[in-house]
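# Results of the structural survey
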Amino acid sequence: MCRHALILLPLVVATLELAGYLIGRTSSVVLLALLAFIIVLAPKGCRLGDWKKALRSALICLVGALASFLLANNLDLGPLMASAVVGLLGTVVLKEKDQLVVYLGTFIGMSSALRFPTLSLVVLAGLTGGILWEMLSETWNGVGGRLGTVAATAVLIVLLAFGGGLQ
Amino acid sequence: MTLILSIVLGLLTGFFGHTLRQRTQLSTVAVSSLLTLLAALALPRIFTDGNQYALVCTAVSYVTMSSTERLAKVWETLTVSLFCSVLVYYGQDVLMGIGGRLGTFAALAVLAFTVPRAHRKLFKKGVRT
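Throughout what follows, the structure given in this document is the object of discussion. Being a predicted model, the structure only gives us computed values, none of them experimental.

## Points about the overall build of chain A
What chain A contains, in helices and strands, is 8 helices and 0 strands. In chain A, of all internal contacts separated by at least 6 residues, the share reaching a separation of at least 24 is 75%.

## Some words on the nonpolar core
Ranked by internal contacts, the top residues of the largest apolar core, which has 85 residues, are L104 and V155 of chain A together with A59, C84, A106 and A109 of chain B. Counting residues per element, this core draws most heavily on helix 8 (residues 146-161) of chain A, at 11 residues. Among residues more than four places away in sequence, those in contact with A109 of chain B are V63, V80, F83, C84 and L87 of chain B.

## What to know about the environment of M81 of chain A
Turning to its location among the elements, M81 of chain A is positioned in helix 5 (residues 79-93). Using a count of 21 C-beta atoms within 10 Å as the deciding quantity, one classes M81 of chain A as buried. Separated by 13 residues in the primary sequence, M81 of chain A and S68 of chain A have C-alpha atoms spaced 8.8 Å apart. Among all residues touching M81 of chain A, those that are not within four sequence positions of it are L37 and A40 of chain B.

## With respect to unusual backbone geometry
For D76 of chain A, which is not glycine, the phi torsion reads 55 degrees and is therefore positive. C-beta crowding within 10 Å serves as the criterion here: with 9 such atoms nearby, D76 of chain A is assigned to the exposed category. The backbone of L95 of chain B sits at a positive phi, close to 55 degrees, despite the residue not being glycine. Positionally, L95 of chain B belongs in the loop between helix 4 (74-90) and helix 5 (101-118).

## What about the interface of chain A and chain B?
Taken residue by residue, the interface counts 40 residues in chain A and 34 residues in chain B. Counting residues per element, the ones that place at least two in the side of chain A that touches chain B are helix 2 (9-18), helix 5, helix 6 (96-109) and helix 8 of chain A. When grouped by side-chain class, the residues that make up the side of chain A that touches chain B number 22 nonpolar, 14 polar and 4 charged.

## Thoughts on helix 2 (residues 28-46) of chain B
Given 3.6 residues per helical turn, the α-helix brings residues three or four places apart onto the same face. Over its 19 residues, helix 2 of chain B extends 27 Å from the first C-alpha to the last, a length consistent with the 27 Å expected when each residue adds 1.5 Å. Buried residues of helix 2 of chain B: T28, V29, A30, V31, S32, S33, L35, T36, L37, A39, A40 and L43 of chain B, and no others.

## Focus: the environment of A118 of chain B
Residues and elements named next belong to chain B. When you line up the elements, A118 lands in helix 5. In this structure A118 comes out as exposed when scored by C-beta crowding, with 11 C-beta atoms within 10 Å. When the C-alpha positions of A118 and L95 are compared, they lie 29 Å apart, and in sequence the two are 23 residues distant.

## A closer look at the environment of S61 of chain B
Residue and element names in this part refer to chain B. Considering the arrangement of structural elements, one finds S61 in helix 3 (residues 50-63). Residue S61 is classed as buried on the basis of its C-beta count, with 33 C-beta atoms lying within 10 Å. C-alpha of S61 to C-alpha of S81: the two residues are 20 residues apart in sequence and 8.7 Å apart in space. Apart from the residues within four sequence positions on either side, S61 is in contact with T13, G17, S32, L35 and T36.

## Topic: helix 7 (residues 119-135) of chain A
Between its first and last C-alpha, helix 7 of chain A extends 24 Å over 17 residues, near the 24 Å set by a 1.5 Å rise per residue. Among the residues of helix 7 of chain A, V122, L124, A125, G126, L127, T128, G129, G130, L132, W133, E134 and M135 of chain A are the ones counted as buried.

## With respect to the packing of helix 2 of chain B against helix 3 of chain B
The axes of two packed helices give the description: the angle between them and the distance between them. All names here are of chain B. Direction vectors running N to C along helix 2 and helix 3 enclose 165 degrees, while the axes themselves pass 8 Å from each other. With respect to helix 3, the axis of helix 2 lies roughly antiparallel. Both helix 2 and helix 3 take part in a crossing whose hand is right-handed. Residue-level inspection shows S32, L35, T36, A39, A40, L43, P44, R45 and I46 of helix 2 in contact with helix 3, the latter providing G50, N51, Y53, A54, C57, T58, S61 and Y62. Class assignment of the residues belonging to the contact of helix 2 with helix 3 gives a composition of 10 nonpolar, 6 polar and 1 charged.

Thresholds, definitions, all that
Residues numbered from 1 in each chain as written. Chains lettered and ligands numbered in written order. Predicted model: local features only at pLDDT ≥ 70, side-chain atom pairs only at ≥ 80, totals over all residues. Helix = DSSP H or I, 4+ residues; strand = E, 2+ residues; numbered from the N terminus. Contact = placed C-beta atoms within 7 Å. Core = buried A, V, L, I, M, F, W, Y, C linked by C-beta atoms within 7 Å. Buried ≥ 20, exposed ≤ 12 C-beta atoms within 10 Å, placed from the backbone. Nonpolar A, V, L, I, M, F, W, Y, C, P; charged D, E, K, R; others polar. Expected span 1.5 Å × (residues − 1). Axes fitted to C-alpha atoms, helices over the stretch in contact; angles between N-to-C directions. Parallel < 35°, antiparallel > 145°, perpendicular 65-115°, else oblique. Left-handed = near helix turned anticlockwise from the far one by under 90°.

Here you go:
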């Protein structure tokens, strides 16, 4: 249940936006409360089996996120090309499972510089993405787009908790 | 950006992605990255709204990362590619600037197809739960 609640966070936000609710301060408070509720539930529902594995995934995801964000914004490659280049490099040097984690990181790095004005937020989102990847490893298996949804969850968590909301 | 062209490009990406997954030894990440790179390089040079079409193709490339248990046949991948293209077209203003938004659209399209199929018994006449 907790896993589904976590991974559904981007869909909840998307639904709110589609329904026409501006994600302003009030809505951000509501979403932050939802997030806090999930975090309270998380230790019971979302068991993180192995902290070493989670830390490793977090670091790989962080590398993907930073590489993609810097390529997209500093070299003006744009988010699509930056993500694809880092993903392809990952397929050359990493094992298949790690390729997925680095690709997840590149999705986080595709975020706009307006959302992430400082690199510290990208770092936080990258680390969060890797940890979420381990927590949600058995959720939505084989569903294309799962990596993107986990990435969006990580980005939303960081924006809601540290990045001043979604406005 | 027109809906028809988005759908056509989405279907082409879905077809190529499915074929590459089935006929080559490339990993899911390699297939998706290749399709994304091709779309991001080529489409902005061909169309004035090329960047928007590249977004559609990228989202569909994530659809093709689905396992063969979820999307085994080419028509299944094409159907989901169609859903996904429409979602990206109408969801242009949703989750703006949030990394992973295209993947979220892709996942939504895959789930919209696979969840009802997995529970089709529930929709049959005369079946009580």
